[in-house]
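Inside the fold
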Amino acid sequence: LKYSLCSQFAVMGLAKTIGVAVIFAVFWGFFGFATGFHLLALRFADGGQQVALLWPHIASYWICTLVTAAGGGWCRSSGRSRECQGGETMSQSCWQETQPFDYQIIYLVHYVSLAFQMTHFLWDALQFVSWIRSWAEASEPKLLFSTHPFGSQHHWAALSL
C-alpha cells in the first residue's frame, strides 16, 4: 500500500474515520443485507460529493430484496408446489423431477437473487476499507484497491462473479 494507515488518519482525521466506520458497521450489521442503507453512512466520509455513485448500488439491494421476497412468497402461497417423494422439504431431485416448471423457475430466481444480495453485502464489507483509503486520499472511491472507480462496469462484473 502506497500510504500508511497513519497518514490516512492524518488526512481524513481519526475521529471522522472512526465515526464513519462505526456508522457503516451499525447500518451494515442491522439489516444492511436487505436495504443497503449502510452505504448512506459513506455520505459522511466525503460530505455527500459522491453519493450519486451509491444510488445504483442501493437500488440493486432493494431490487434483490423485492425479488427474493416475491419469489419466496409465491413459492409458499401459490399452491403449486408438490410433496417430495422422499419426505424431504426440498432436494435437487425433488425440485427437478417433482415440481412444475413455473415453480422451478421462480424458486431458482428467488435463490439466485438472495445469493446476489448476500454477495453484495459481503463485498461491501471488504470494499469499505478501500473506500476509506480513497477518501483519505481525496479521490473517488475505487473498486477494492484497484485503479477502477466504484460504479464502473468493472464493479458490476466483479460483483457478478
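Look up: the structure comes first, before these words.
For clarity, every value in this text was computed on a predicted model and none was experimentally measured. (Residues numbered from 1 in each chain as written. Predicted model: local features only at pLDDT ≥ 70, side-chain atom pairs only at ≥ 80, totals over all residues. Heavy atoms only, no water.)

The next point concerns the packing of aromatic side chains. Evaluation of the coordinates by the stated rule reveals three aromatic pairs. Measuring from ring centre to ring centre gives 5.6 Å for tyrosine 103 and tyrosine 107, while their planes differ by 25°; the resulting arrangement is stacked. Remark: tyrosine 107 and tyrosine 103 occur in helix 7 (residues 101-136); sequence separation between them is four residues, near one turn of the helix. Both residues of the pair, tyrosine 103 and tyrosine 107, count as buried. (Phe/Tyr/Trp six-rings, centres within 6.5 Å; stacked < 30°, edge-to-face > 60°. Helix = DSSP H or I, 4+ residues; strand = E, 2+ residues; numbered from the N terminus. Buried < 20%, exposed > 50% of the residue type's maximum accessible area, 1.4 Å probe, protein only.)

Our focus in this paragraph is the state of the cysteines. All chains considered together, the criterion is met by one disulfide. The disulfide bridge from cysteine 84 ends at cysteine 94, spanning 2.1 Å between sulfur atoms. Its S-S torsion of about -80° marks the bond between cysteine 84 and cysteine 94 as left-handed, since a negative value means left-handed. Placement of cysteine 84 in the loop between helix 5 (54-77) and helix 6 (92-97) and of cysteine 94 in helix 6 is noted, with a sequence separation of ten residues between them. Across the pair, exposure class does not vary: cysteine 84 and cysteine 94 are buried alike. (Disulfide = S-S within 2.5 Å.)

Structurally, threonine 68 is set in helix 5. Overall, the relative accessible area of 12% leaves threonine 68 in the buried class. Side-chain polar atoms of threonine 68 contact the side chain of serine 113, separated by 3.0 Å. Once residues lying within four places of it in the same chain are set aside, the contact partners of threonine 68 are His110, Ser113, Leu114 and Gln117. (Polar contact = N/O pair within 3.5 Å; in protein donor to acceptor, adjacent residues only side chain to side chain. Contact = heavy atoms within 4.5 Å.)

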